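# Tertiary structure, described
Chain residues, written in single-letter form:
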Amino acid sequence: MEHEDKHSELEIIRESVIKLCADFPNEYWRELDRERGYPTEFVQALTDAGYLGCLIPEEYGGSNLGIREAAVILQTIHRSGGNGAACHAQMYIMGALLRHGNDQQKQAYLPDIAAGKRRLQAFGVTEPTSGTDTSRIRTWAERDGDEYVVNGQKVWTSRAEHSDLMLLLARTSERGSGPKPHDGMSLFIVEMDEALGNGIEIKPIRAMLNHNSTEVFFDNLRVPAKNLIGEEGKGFRYILDGMNAERILIAHECIGDARWFIEKASTYAKERVVFDRPIGQNQGIQFPIATSYAETEAAALMSAKAAQMFDAGQSCGAEANMAKLLASEAAWKAADACMQTFGGFAFAEEYDIERKFRETRLYRTAPISTNLILSYIAEHVLGMPRSF
Ligand SMILES: Cc1cc2nc3c(=O)[nH]c(=O)nc-3n(C[C@H](O)[C@H](O)[C@H](O)COP(=O)(O)OP(=O)(O)OC[C@H]3O[C@@H](n4cnc5c(N)ncnc54)[C@H](O)[C@@H]3O)c2cc1C
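As the structure is a computational prediction, the values presented were derived from the model and not from experiment.

### Concerning the overall build of the protein
Tallying secondary structure elements over the protein gives 13 helices and 10 strands in all. The C-alpha atoms of the protein give 21 Å as radius of gyration, which agrees with the globular expectation for 388 residues (21 Å, within 12%). Along the longest, intermediate and shortest principal axes, the C-alpha atoms of the protein span 80 × 50 × 50 Å.

Structure (structure tokens):
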């Protein structure tokens, strides 16, 4: 019975997101892609509908829903041809603040984030020289009275120009000063309006896809010490907590993409006639699409399992990682099958396939690349020796 209630609740959310997305058709996304624009109106509509505050507890003005509901929202956006990457981080970045911030910080920020008055959707972790080895970041925050002074650089900080707040990871003591390489990093909330021109400079990165990513430079940026989240030196642990949520949500975006590609491809394969027969009559066309369908539905089961475990408070590192791995691979295969099915037309912008193809490719690399997930499974699930 509980299962049925949940199911119908999720269906209601799905249907209302489909309706919302209908106001933002493919032409909208295509135009933004062309000009590398930010979907301000779309994000506003999601905010007004309360979707971006869905994971925030009611006491802070959110709707206190679970990862399953958030996953349905993002999956439906991608299934409709849109892209949730412009705002998905507004849903989950606040998790570090919610779980590890003090009461004053939570009261100061969470109600505004829930109401969409302030956007916390920039997450500054990656740096040009550290790569996936976050323990090697160099951005440094030096305590000076009741402030920290930050110097360094981040890269690929998405949405920094469209965020009022940034969650920033910086070193406060040298690597090696604690027992673990990841000790000695701290997490801060940076208020962007005060910081811009006063120690922060943002440079957009022109990229393969429209992701509003940037380089962020810190030059003696002063951050009040009250903006430190939790204890100094424990910042990496705080962001680790949020990574399962991120992986589960991105997995669902990939499932949405994969289903969009499969529907496009199978529909076109039935209609396009070459050599006097629909191309979909040829097994060479059918099989890649059918394979993608099977792989997508398997990935969807793993993603649903991970979301359910997350909402039940069970540890789900393995499932969240496998969901992200399987879903991003399934979406990429579906994208390629769709490209191949459409022949030359796939390359024309007006079909949206090349745009979605570029967009879905990201998830094999970010927020965590396939190899790193495989090494997690090998080491932490299967107990094989650590390789790096
Ligand atoms: C569009 C976009 C948006 C992004 N948004 C954000 C953001 O908002 N905030 C943020 O902090 N970061 C962001 N990122 C950064 C992203 O998380 C990283 O690019 C990603 O984690 C990979 O890190 P890297 O680019 O440094 O690759 P590297 O770490 O240099 O790795 C390069 C390749 O080598 C492989 N590799 C590395 N080490 C090993 C190993 N030991 N074994 C096997 N293979 C290995 C990796 O899997 C990868 O394929 C974004 C990236 C992109 C492209």
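Now that the structure has been shown, we can carry on.
### Quick look at the domain arrangement of the protein
Each domain of the protein was delimited in the assignment, giving domain 1 (2–115), domain 2 (120–235) and domain 3 (237–381). With centres defined by C-alpha atoms, the gap from domain 1 to domain 2 works out at 24 Å. Listed per partner, the contact involves 18 residues of domain 1 and 15 residues of domain 2. Among the elements of the structure, helix H2 (26–35), helix H5 (88–92), helix H6 (94–100) and helix H7 (103–115) are those that each provide at least two residues to the side of domain 1 that touches domain 2. Broken down by element, the side of domain 1 that touches domain 2 gets its largest block of residues, 4 residues, from H6.

### Digging into the packing of helix H9 (residues 235–271) against helix H10 (residues 283–311)
One can describe the packing of H9 onto H10 by two numbers: an axis separation of 9 Å at closest approach and a directional angle of 155°. Of the possible angle classes, the one that applies to H9 and H10 is roughly antiparallel. Crossing geometry of H9 relative to H10 is assigned as left-handed. The segment H9 lies against H10, with Asn244, Ala245, Ile248, Ala251, His252, Ile255, Ala258, Arg259, Ile262, Ala265, Ser266 and Ala269 engaging Ile285, Ile289, Ser292, Tyr293, Thr296, Ala299, Ala300, Ser303, Ala306, Ala307 and Phe310. Its residues placed into classes, the contact of H9 with H10 shows 16 nonpolar, 6 polar and 1 charged.

### Describing the site of the ligand
In the vicinity of the ligand, 22 residues are found, and the nearest of them are Val125, Thr126, Gly131, Thr132 and Ser369. Taken together, the elements giving at least two residues each to the shell around the ligand come down to strand S1 (120–124), strand S3 (147–158) and helix H13 (370–381).

### Some words on unusual backbone geometry
In this structure, proline 367 follows alanine 366 across a cis peptide bond, with omega equal to 0°. For arginine 36, which is not a glycine, the phi torsion comes out positive at approximately 55°. Counting through the fold element by element, arginine 36 comes out in the loop between H2 and helix H3 (40–48). With phi around 65°, arginine 159 is a residue other than glycine that occupies positive phi space. Mapped onto the secondary structure, arginine 159 falls in the loop between S3 and strand S4 (165–171). Look at arginine 159 and you get buried, because 25 C-beta atoms sit within 10 Å.

### Quick notes on H9
Relative to the 54 Å expected for 37 residues at 1.5 Å per residue, H9 spans 54 Å between its end C-alpha atoms, a close match to the ideal helical length. The sharpest bend along H9 measures roughly 30° and falls at glycine 242. Most of H9 sits inside the fold, with 28 of its 37 residues counted as buried.

### What to know about the pairing of strand S7 (residues 213–224)
In this structure, S3 lies alongside S7, joined through 10 bridges in antiparallel fashion. For lysine 154, the partnering residue across the bridge sits in S7 and is valine 216. Where strand S6 (residues 200–204) lies against S7, 5 bridges are found, and the strand directions are antiparallel. Bridging from a neighbouring strand, isoleucine 200 pairs with phenylalanine 218 of S7.

### Some points on H10
End to end, H10 covers 41 Å across 29 residues, agreeing with the expected 42 Å (1.5 Å per residue, within 8%). Along H10, the residues that are buried comprise Ile285, Ile289, Ser292, Thr296, Ala299, Ala300, Met302, Ser303, Ala306, Ala307 and Phe310. Just downstream of H10, glycine 313 is the residue with a positive phi angle, here 75°.

### Let's talk about the environment of lysine 264
Tracing the backbone shows lysine 264 in helix H9. You can call lysine 264 buried: it has 23 C-beta atoms within 10 Å. For the pair lysine 264 and glutamate 9, spaced 255 residues apart in sequence, the C-alpha separation works out to 28 Å. Apart from residues lying up to four places away in sequence, lysine 264 is in contact with Cys338 and Ile353.

### With respect to the environment of aspartate 103
Take aspartate 103: it is sitting in helix H7. Looking at aspartate 103, the number of C-beta atoms within 10 Å reads 7, which means it is exposed. Counting along the chain gives 257 residues from aspartate 103 to threonine 360, while the straight-line C-alpha distance between them is 38 Å.

### A look at the nonpolar core
In this structure, Ala70, Phe188, Ile248, Leu249 and Ala323 are the most contacted members of the largest nonpolar core, which totals 112 residues. The leading source of residues in this core is H9, at 17 residues.

Conventions used here
As a convention, each chain's residues are numbered from 1 in the sequence order in which they are written. pLDDT decides what is reported in this predicted model: residues at 70 or higher carry local features, side-chain atom pairs at 80 or more are listed and counted, and totals for whole chains, interfaces and linings draw on all residues regardless. Secondary structure elements are defined from DSSP: runs of H or I of at least 4 residues count as helices, runs of E of at least 2 residues count as strands, and each element is numbered from the N terminus. Each radius of gyration reported is based on C-alpha atoms, and the globular scaling rule is 2.2 Å times the count of residues to the power 0.38. Each domain's limits were defined by an automated method or a database of domain assignments. Contact between two residues is assigned when their C-beta atoms, built from the backbone, lie within 7 Å. Every axis corresponds to a line fitted to the C-alpha atoms, with the helix fit spanning only the stretch in contact, and the corresponding angles, defined between N-to-C directions, vary from 0 to 180 degrees. Any angle that falls under 35 degrees is termed roughly parallel, while one over 145 is termed roughly antiparallel, one within 65 to 115 roughly perpendicular, and all others oblique. In this scheme the crossing of two helices becomes right-handed for a clockwise turn of the near helix relative to the far one and left-handed for an anticlockwise turn of less than a right angle. Side-chain classes follow a simple rule in which Ala, Val, Leu, Ile, Met, Phe, Trp, Tyr, Cys and Pro form the nonpolar group, Asp, Glu, Lys and Arg form the charged group, and the remainder, Gly included, forms the polar group. In this text, near has one meaning. A residue is near a molecule or strand if its C-beta atom, placed using the backbone, is within 6 Å of it. Here the C-beta atoms are placed from the backbone, and a residue counts as buried if at least 20 other C-beta atoms lie within 10 Å of its own, exposed if 12 or fewer do, and partly exposed otherwise. Between the first and last residue of a helix there are one fewer steps than residues, each counted as 1.5 Å, and that sum is the expected span. Here the bend at each residue means the angle between axes fitted to two seven-residue stretches, the one ending at that residue and the one beginning there. DSSP-based pairing: two strands are paired if at least 2 bridges between them are found. For this entry, the nonpolar core is defined as buried Ala, Val, Leu, Ile, Met, Phe, Trp, Tyr and Cys residues connected by C-beta atoms within 7 Å.

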